[in-house]
Amino acid sequence: MTDATGAPADVLHTLFHSDQGGHEQVVLCQDRASGLKAVIAIHSTALGPALGGTRFYPYASEAEAVADALNLARGMSYKNAMAGLDHGGGKAVIIGDPEQVKSEELLLAYGRFVASLGGRYVTACDVGTYVADMDVVARECRWTTGRSPENGGAGDSSVLTSFGVYQGMRAAAQHLWGDPTLRDRTVGITGVGKVGRHLVEHLLAEGAHVVVTDVREDVVRGITERHPSVVAVADTDALIRVENLDIYAPCALGGALNEDTVPALTAKVVCGAANNQLAHPGVEKDLADRGILYAPDYVVNAGGVVQVADELHGFDFDRCRAKAAKIYDTTLAIFARAKEDGIPPAAAADRIAEQRMAEARTRR
């Protein structure tokens, strides 16, 4: 079903009417010469220019790409608010298999579209895009972060993303077990790519037991060859059922927590880097009903956005790492608020973020 413009009606309903909407602006981008098809979604600029990465992914349909951009942009508003940044939330998606269609011409065309927004949206890396890609985009757009150090940037943001998730795990351990140490805890990680591989190293350094899985066998093999103590399992279905699993860390794509996976989880904590882990509203209550402590994804994975935001002001790694370390305190505060209000942690985080955005609007 489509509306008068030919756009999928369900997407427009999401944009204008649903709780998942409320976006300020959505831009559809097309450059026939390079093959670019992209969506830039700006959810909020209440706290400042929208900041969020560019995802390059082979979506099954344009409607799916738009819906993902809307959800991701909304998540960035909450993430940036909880991270204490003076930025609103935005996200972009480029439609297509990056292994097949990514080119310099396409990235330059994308950069021109971002530049046309005049600074309302600041872009960075995400799934399917890398530092080298941002260097190309930056040739057409000065509102680009996640660039290489050689080009005035901060480099790979996955380093501090993983550090923030690690701090979230420590906070969960403190809240649930009364001790932040992860020594001898068993942590299962789905997705050991850019962020997950760094998370493995943080955990092993503290003496945790690590179990991993990934759809790419070569990536898993690289992890186990480098760290022989790491155990690999066939898939996520096997990982979430590992006996005596303490923490489950979804670090791949979203929707990892749903009506099928939540009942099967053996872990007492969920804390991972993936965005939009809750497949639909109500999953957070399902987790709470099972006694599983959920560390809200957009809170614990904010280390990367802390890094790219700092790049706009002259990057300093030690300053960023200190800010990312505060994810520990923020996560503890969310758990405390959830207990006080009698609500799941995800709802508590939303309340705190929404309060900050509302206060910013009233000051305008």
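Going by the structure above, here's the rest.
Residues numbered from 1 in each chain as written. Predicted model: local features only at pLDDT ≥ 70, side-chain atom pairs only at ≥ 80, totals over all residues. Heavy atoms only, no water.

(A) Quick look at the overall build of the protein. In terms of regular secondary structure, the protein is built from 15 helices and 12 strands. Compactness check: the protein gives a C-alpha radius of gyration of 20 Å against a globular reference of 21 Å for 364 residues, within 12% of the reference. Each principal axis of the C-alpha atoms in the protein carries an extent, and together these give about 55 × 45 × 45 Å. The buried share of the protein, taken over its 364 residues, is 54%. A sequence separation of at least 24 residues applies to 65% of the contacts in the protein between residues at least 6 apart. A total accessible area of about 15700 Å² is found for the protein, and carbon and sulfur atoms account for 49% of it. Between the centroid of the 35 positive side chains of the protein and the centroid of its 47 negative side chains there is a distance of 5 Å. (Helix = DSSP H or I, 4+ residues; strand = E, 2+ residues; numbered from the N terminus. Rg over C-alpha atoms; globule rule 2.2 N^0.38 Å. Buried < 20%, exposed > 50% of the residue type's maximum accessible area, 1.4 Å probe, protein only. Contact = heavy atoms within 4.5 Å. Areas by Shrake-Rupley, 256 points an atom, 1.4 Å probe, with all protein chains shown as cover. Lys, Arg positive; Asp, Glu negative; His and termini not counted. Charge placed at Lys NZ, Arg CZ, Asp CG, Glu CD.)

(B) Region of the structure containing the environment of G152. Mapping G152 onto the fold places it in the loop between α5 (131-137) and α6 (158-177). Counting along the chain gives 17 residues from G152 to D135, while the straight-line C-alpha distance between them is 9.4 Å. Residues in contact with G152, not counting those within four places in the same chain, are R147 and E311.

(C) Quick look at the packing of aromatic side chains. Enumeration according to the criterion identifies 4 aromatic pairs in this entry. Judged by centre distance (5.8 Å) and plane angle (65°), the rings of Y78 and Y298 are edge-to-face. Residue Y78 is located in helix α2 (residues 62-82), and its partner Y298 is located in helix α11 (residues 297-300); the two are separated by 220 residues in the primary sequence. Owing to a relative accessible area of 6%, Y78 belongs among the buried residues under this scheme. We classify Y298 as buried; its relative accessible area is 10%. The side chain of R185 reaches across the aromatic face of W177, ending 3.8 Å from its centre. Sitting over the ring of F163, R321 keeps its end group 4.1 Å from the ring centre. (Phe/Tyr/Trp six-rings, centres within 6.5 Å; stacked < 30°, edge-to-face > 60°. Lys NZ or Arg CZ within 6 Å of the ring centre and 35° of its normal.)

(D) Structural context of the side chain of S148. Note on placement: S148 falls in the loop between α5 and α6. Take S148: its relative accessible area is 8%, and that puts it in the buried class. Once you skip the residues sitting within four places of it in the chain, S148 turns out to touch V131, D135, G153 and G155.

(E) Quick peek at the pattern of salt bridges. This structure, assessed with the given rule, holds 19 salt bridges. Between D86 and R356 there is a salt bridge, with the nearest N and O atoms lying 3.3 Å from each other. With D86 in the loop between α2 and β5 (88-95) and R356 in helix α15 (residues 345-362), the pair connects residues that are 270 residues apart, well separated along the chain. On the basis of relative accessible area, R356 is assigned to the partly exposed category, the value being 22%. As a salt-bridge pair, R139 and E104 come within 2.8 Å of each other at their nearest N and O atoms. On the criterion of sequence distance, the pair formed by R139 in the loop between α5 and α6 and E104 in helix α4 (residues 104-115) is long-range, its members being 35 residues apart. (Salt bridge = Lys/Arg side-chain N within 4 Å of Asp/Glu carboxyl O.)

(F) How the structure looks around the pairing of strand β10 (residues 247-250). Of the two faces of β10, the one lined by I247 and A249 and the one lined by Y248 and P250 are each fully buried. With 4 bridges connecting them, strand β7 (residues 186-190) and β10 associate as parallel partners. Bridge pairing links I189 to A249 in β10. (Pairing = 2+ DSSP bridges.)

(G) Spatial organisation of α4. Given a rise of 1.5 Å per residue, 12 residues ought to cover 16 Å, and the 16 Å separating the end C-alpha atoms of α4 matches this to within 8%. Listed as buried for α4 are L106, L107, L108, A109, Y110, G111 and V114. (Expected span 1.5 Å × (residues − 1).)

(H) The arrangement of unusual backbone geometry in detail. A positive phi angle is found at N244, which is not glycine, with a value near 65°. Examined against the element boundaries, N244 turns out to sit in the loop between α9 (236-239) and β10. Backbone geometry at N276 places phi at a positive 50°, although glycine is not the residue there. Looking at the secondary structure, you find N276 in the loop between β11 (269-270) and α10 (283-289). For N276, a relative accessible area of 29% gives the class partly exposed.

Just geometry here; none of it tells us what the structure is for.
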